[in-house]
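Letter by letter, the chains look like this.
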Amino acid sequence: MYFKAPLKKILILSVLELVVGNELSINACEESSNPSRIVVAGGSITEILYFLNEESRILGVDVTSNFPKNATKLPSIGYVRNLSAEGILSLNPTLVLGENDMGPPMVLNQLKEVDTDLRIIPEERTVEGIINKILCIASIIDNEAKAKKNIDLSLKKTIMELQLLKNNPEIQNKKIMLILSMQGTSPIVAGKGTSGDGFIKIVGAQNVFQSFEGWKPVSAEAIIKINPDYFIIPSREIHKNSDIQSLTTNPIFSNTEAGAKKNFIFEDSMAMLGFGPRTIITALKVAKQLSQ
């Protein structure tokens, strides 16, 4: 059974056989009076609108909205964290949907001052949180029926498979290091509380860097000492290296279990870390690799 997204607690039972208690802002998820002309600040929101077959409502998007490819042809409002009120309002939207890092705060205040219907969509970095995000957006544009149908058709089976794999001790014992950037001699890696940490938890494995919060650089010595079983790297980073062989011979990686076995997983960064529908699909793909 589905309950309307504006309720403070969303329960998803029949589709996912899960019980989800996620506190949502009533103002964020209540139905918009006019959702016909939408500007989006956040790639996962754009992805969800396409998932709901509601892309015709979109006037403009931020630069993180790179999926699907057609979204990149829409007018750009800039980077999600560094927007301008003028750029957004120039498109004459009736509704602005933003992720929780939309900013800067001054721009949000400016939009509110001119009575823009602005919604910052709640985010929880879990499978349940992604489903709640889809339902929230569907509720805002009054299309919950499409959301329920598409979740059943496109995500239900994936979620069930992923849950089964997450219960596999083979995956639960895997030590993962997720690298955001390979620039310099100290890779920037996912610590506790990051989107990378959230993705690893969705997969069901262990994030080796739980000792610090946020994205931080780590030394080769620290990587060798912690000795991960797998490295997960955004696919854009592979283009900065000639091939996987060059990575395995890199001193940063070569003296680890993962490097010796060439256990490198490359996936699209937004698919992993955007926490839209593709994140669930990508998590299952990675979980399958870890279970081999």
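Structural notes, computed from the coordinates. Please read these numbers as outputs of a predicted model, since none were measured by experiment. (Residues numbered from 1 in each chain as written. Predicted model: local features only at pLDDT ≥ 70, side-chain atom pairs only at ≥ 80, totals over all residues. Heavy atoms only, no water.)

Focus: the pairing of strand E2 (residues 58-61)
Regular strands place side chains that alternate from one sheet face to the opposite one. Where strand E1 (residues 38-41) and E2 come together, three bridges link them in parallel fashion. Paired with valine 40 across the bridge in E2 is valine 61. Read from E1 through helix H2 (residues 43-51) to E2, the crossover connection turns out right-handed. (Pairing = 2+ DSSP bridges. Helix = DSSP H or I, 4+ residues; strand = E, 2+ residues; numbered from the N terminus. Right-handed = clockwise from strand over helix to strand, strands pointing away.)

Brief notes about the pattern of salt bridges
Taken as a whole, this structure holds 13 salt bridges when the rule is applied. Three or more residues are tied together by salt bridges with common partners; here these are Glu47, Asp268 and Arg278. (Salt bridge = Lys/Arg side-chain N within 4 Å of Asp/Glu carboxyl O.)

Description of the packing of helix H7 (residues 156-166) against helix H15 (residues 277-290)
The interhelical angle for the contact between H7 and H15, taken along N-to-C directions, is 35°, at an axis separation of 9 Å. Crossing angle aside, the handedness with which H7 passes H15 is left-handed. Note on element contacts: H15 touches H7 through Ile280, Ile281, Ala283, Leu284, Ala287 and Lys288, opposite Thr158, Ile159, Glu161, Leu162 and Leu165. (Axes fitted to C-alpha atoms, helices over the stretch in contact; angles between N-to-C directions. Left-handed = near helix turned anticlockwise from the far one by under 90°. Contact = heavy atoms within 4.5 Å.)

Quick look at the environment of alanine 147
Secondary-structure assignment places alanine 147 in helix H6 (residues 144-154). With a relative accessible area of 0%, alanine 147 lands in the buried category. Residues alanine 147 and isoleucine 131 lie 16 residues apart in sequence; the distance between their C-alpha atoms is 9.2 Å. When residues no more than four places from it in sequence are discounted, the contact partners of alanine 147 are Leu52, Ile134, Leu135 and Ala138. (Buried < 20%, exposed > 50% of the residue type's maximum accessible area, 1.4 Å probe, protein only.)

Quick look at the sheet that holds strand E4 (residues 118-120)
With parallel pairing, the four strands of this open sheet are ordered in space as E2-E1-E3-E4. Two strands lie at the open edges of the sheet, namely E2 and E4, each paired on one side alone. Pairwise comparison of adjacent strand axes, ignoring direction, gives a mean angle of 20° for this sheet.

Some words on the nonpolar core
In terms of nonpolar packing, the biggest core is built from 53 residues, with Leu49, Leu52, Leu97, Ile134, Phe199 and Leu290 touching the most fellow members. The element contributing the most residues to this core is helix H5 (residues 127-140), with nine residues. Leucine 49 has contacts with Ile38, Val40, Glu54, Glu55, Ile58, Leu97, Ile137 and Ile141, leaving out every residue within four places of it along the chain. Among the nonpolar cores identified, the runner-up in size contains 17 residues, and Val189, Ile223, Ile252 and Phe266 belong to it. (Core = buried A, V, L, I, M, F, W, Y, C linked by side-chain atoms within 4.5 Å.)

With respect to the state of the cysteines
Enumeration according to the criterion identifies one disulfide in this entry. Note on cysteine connectivity: cysteine 29 is disulfide-linked to cysteine 136, with sulfurs 2.1 Å apart. Of note, the bridge from cysteine 29 to cysteine 136 carries an S-S torsion of about -95° and is left-handed in sense. Residue cysteine 29 is located in helix H1 (residues 26-29), and its partner cysteine 136 is located in helix H5; the two are separated by 107 residues in the primary sequence. (Disulfide = S-S within 2.5 Å.)

Concerning unusual backbone geometry
At the junction of phenylalanine 67 and proline 68, the peptide bond is cis and its omega measures out at -5° in the coordinates. Tracing the chain through its elements places proline 68 in the loop between E2 and helix H3 (85-89). Omega for the bond connecting glycine 103 with proline 104 falls within 30 degrees of zero, at 5°, which places this linkage in the cis form. Tracing the sequence through the fold places proline 104 in the loop between strand E3 (95-98) and helix H4 (105-113).

A closer look at the side chain of serine 32
Secondary-structure assignment places serine 32 in the loop between H1 and E1. Serine 32 has contacts with Leu95, Asp117, Arg119 and Ile140, leaving out every residue within four places of it along the chain.

Quick look at the packing of H5 against H15
For the pair H5 and H15, the least separation of the axes is 9 Å and the interaxial angle reads 155°. On the basis of their axis angle, the class for H5 and H15 is roughly antiparallel. Crossing of H5 against H15: the hand is left-handed. Between H5, through Val127, Ile130, Ile131 and Ile134, and H15, the contact on the second element is made entirely by Pro277, Thr279 and Ile280. Per-class residue counts for the contact of H5 with H15 are six nonpolar, one polar and no charged. (Parallel < 35°, antiparallel > 145°, perpendicular 65-115°, else oblique. Nonpolar A, V, L, I, M, F, W, Y, C, P; charged D, E, K, R; others polar.)

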